[in-house]
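Commentary on secondary and tertiary structure
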Amino acid sequence: MTDQVIDVTGLRRVYGGGFEAVRGVSFGVGRGELFALLGTNGAGKTSTMELLEGLAAPAGGRVRVLGHDPYTERSAVRPRIGVMLQEGGFPAELTVTETVRMWAGCTCGARPPAEALEIVGLGKRAGVRVKQLSGGEKRRLDLAMALIGRPEVLFLDEPTTGLDAEGRRETWELVRALRDDGTTVLLTTHYLEEAEELADRLAILHEGRIAAEGSVADVVAAQPSHVSFDLPEGYFVGDLPPLAALGVSGHEIAGRRVRLRTHELQRAATGLLLWARDARVELGALDVRAASLEEAFLRIARDSEQAGTEDERAGTEEMAV
C-alpha cells in the first residue's frame, strides 16, 4: 500500500504472569481499506486491537496509526479515530440522547446527536433509558459513539454481536458506506460470513500469530476443495482413474466413503463423473464442495493444534532421554 494508515511490525503484548497474547504480529492497512482480524477465542484479536487503539503499550514491536504512535502520541491520534469496544459500559440511567450528547461534548467536530442516532437506526429510541435497550440496540449505540467524531480510522471489535440477522445486514451496509466514503476500517469478528461480505483483506490469528493473510480469495485459494462419495459395491479406490491424473492432491477412506482433496475441482469432478458414466455405476452421496473461508479457518486451527501436540510430544521425549 502506498498510503498506509495502519502499520504494524513485530507487535507483541505480554500480560502479567508472562502470558504472551500477541507474538510478533505484522500487517498494514491502506487508506479506505477494510481489514478484518479473525480467530478463535483467545487468538489475540482484541489484544491486538487495544494496542492499535492506544489503550495499552506494546511489549515489543512497532505500531503506527495515521503516522503516529497511538499510545505515546495519543493526542495526535485519538481525535481522528473511532473505537467500538466489545462492551460500551454507558450509564444505565441516562437516555440514549443524553448519552450521545455527553459523548459529543468530549469530541472535537462531533456530529449532532440526532444525526448519529439516525445513522445507526436509533432515532426512534432517543428518549429511552440505556438500561431499557436490548442487547442489539446497545451495540448500535456503541457504534453511534464510534462514529460521532467523523473518524478517519474506525476500529470495530465484534460490531454485530447480539444483533439479529436484519440488524447485522443493516450494519454491514453502514460499514460499507463508510468505507466507500474513504474511512479506513479495522474490525474483529467471529462471523466468517461477515468477513467474506466486508473485508478487502483479512488475517487469521491463532495463538497470537498470523496464520494466514490476504484477500478472501487468496486465503481460500490456498485451501483444497473436496469431492466425497460412496464407492459402488465391489469397487475399490484402485478401480478409479489415477488420482494424480484427476488433479487430486490427497484422499481419505473410511469404509466405502472416499474423500478427495484437490485444487482443481472442475477437473477432478468431471473426470470422476465421466468414469462413473463409462463404468455405468452410481457414486452414492456425492458431495462436491469448493474451498471456503470456513474450511481455511478450521484447517488453520486444526493444523496449529496438531503442530502444538507434536511439539509437546517431542519435548516430552527429549526430557525422557
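Residues numbered from 1 in each chain as written. Predicted model: local features only at pLDDT ≥ 70, side-chain atom pairs only at ≥ 80, totals over all residues. Heavy atoms only, no water.

Remarks on the confidence of the model for the protein
Residues with a pLDDT of 70 or more make up 94% of the protein, whose mean pLDDT is 90. The lowest-confidence element of the protein is helix 10 (residues 293-320), averaging 63 in pLDDT; the highest-confidence one is strand 4 (residues 60-65), averaging 97. (pLDDT = per-residue confidence, 0-100. Helix = DSSP H or I, 4+ residues; strand = E, 2+ residues; numbered from the N terminus.)

Section: the packing of aromatic side chains
This structure, assessed with the given rule, holds three aromatic pairs. Taking 6.3 Å as the distance between ring centres and 80° as the angle between the ring planes, the aromatic pair formed by Phe 90 and Trp 103 counts as edge-to-face. Of this pair, Phe 90 sits in the loop between strand 5 (81-84) and helix 3 (96-104) while Trp 103 sits in helix 3, and the two are 13 residues apart along the sequence. Residue Phe 90 is classed as buried on the basis of its relative accessible area of 17%. Taking relative accessible area as the criterion, Trp 103 reaches 35% and is therefore assigned partly exposed. (Phe/Tyr/Trp six-rings, centres within 6.5 Å; stacked < 30°, edge-to-face > 60°. Buried < 20%, exposed > 50% of the residue type's maximum accessible area, 1.4 Å probe, protein only.)

Focus: the side chain of Glu 33
Relative to the helices and strands, Glu 33 resides in the loop between strand 2 (20-30) and strand 3 (34-39). On the accessibility criterion, Glu 33 (5% relative accessible area) is buried. Here the side chain of Glu 33 touches Arg 201 through a polar contact of 2.6 Å, side chain to side chain. (Polar contact = N/O pair within 3.5 Å; in protein donor to acceptor, adjacent residues only side chain to side chain.)

Here's the deal with the sheet that holds strand 7 (residues 184-188)
Taken in spatial order, the six strands line up as 5-6-7-3-8-9 in an open sheet, and their pairing is mixed. The sheet is open, and its two borders are formed by strand 5 and strand 9 (209-214), each paired with just one other strand. The average undirected angle you get between the axes of adjacent strands in this sheet is 15°. The sheet contacts of helix 5 (residues 135-147) involve strand 5 and strand 6 (153-157), and relative to strand 5 the element is tilted by about 165°. (Pairing = 2+ DSSP bridges. Axes fitted to C-alpha atoms, helices over the stretch in contact; angles between N-to-C directions. Contact = heavy atoms within 4.5 Å.)

Brief notes about the sheet that holds strand 13 (residues 284-289)
Strands sit in the order 11-12-10-13 across an open sheet of four strands; the sheet is antiparallel. Each edge of the open sheet carries a strand with a single partner, namely strand 11 (248-254) and strand 13. The sheet shows a mean angle of 15° between the axes of neighbouring strands, direction not considered. Where strand 10 (residues 225-230) meets strand 13, four bridges bridge the pair, whose relative direction is antiparallel. Looking at strand 13, one finds that Val 227 is bridged to Val 288. Across the sheet, helix 9 (residues 265-279) touches strand 10, strand 11, strand 12 (257-262) and strand 13, and the angle it forms with strand 10 is around 20°.

Digging into the pairing of strand 6
Judged by how many residues are buried, strand 6 sits mostly within the fold: five of five residues are covered. Both faces of strand 6 are covered, namely the face carrying Val 153, Phe 155 and Asp 157 and the face carrying Leu 154 and Leu 156. Across four bridges, strand 5 lies against strand 6 in parallel orientation. Looking at strand 6, one finds that Met 84 is bridged to Leu 156. Of the pairings in the sheet, the one linking strand 6 to strand 7 comprises five bridges and is parallel in character. Residue pairing for strand 7: Leu 154 is matched across the bridge by Val 185. Viewed along the sheet, the connection from strand 6 through helix 6 (residues 165-180) into strand 7 turns out right-handed. (Right-handed = clockwise from strand over helix to strand, strands pointing away.)

Some thoughts on unusual backbone geometry
Backbone geometry at Leu 66 places phi at a positive 55°, although glycine is not the residue there. On the basis of relative accessibility, which here comes to 10%, the residue Leu 66 falls in the buried class. Although it is not a glycine, Arg 150 adopts a positive phi angle of roughly 50°. Following the sequence through the fold, Arg 150 ends up in the loop between helix 5 and strand 6. A relative accessible area of 44% means that Arg 150 is categorised as partly exposed.

Side note on the pairing of strand 8 (residues 201-206)
Looking along a regular strand, one sees the side chains alternate between the two faces of the sheet. By the criterion of burial, strand 8 is predominantly enclosed, with six of the six residues buried. The pairing of strand 3 with strand 8 spans five bridges and is parallel. Its bridge partner being in strand 8, Ala 36 is matched across the sheet by Leu 202. Pairing of strand 8 with strand 9, which is carried by five bridges, proceeds in the antiparallel orientation. For Ile 204, the partnering residue across the bridge sits in strand 9 and is Ala 212.

Observations concerning the pattern of salt bridges
Considering all chains together, one arrives at 27 salt bridges under this definition. One salt bridge in this structure joins Glu 20 and Arg 12, with 2.7 Å as the shortest N-O distance. The class for Glu 20 is partly exposed, based on a relative accessible area of 22%. Classification of Arg 12 by relative accessible area gives partly exposed; the value is 31%. (Salt bridge = Lys/Arg side-chain N within 4 Å of Asp/Glu carboxyl O.)

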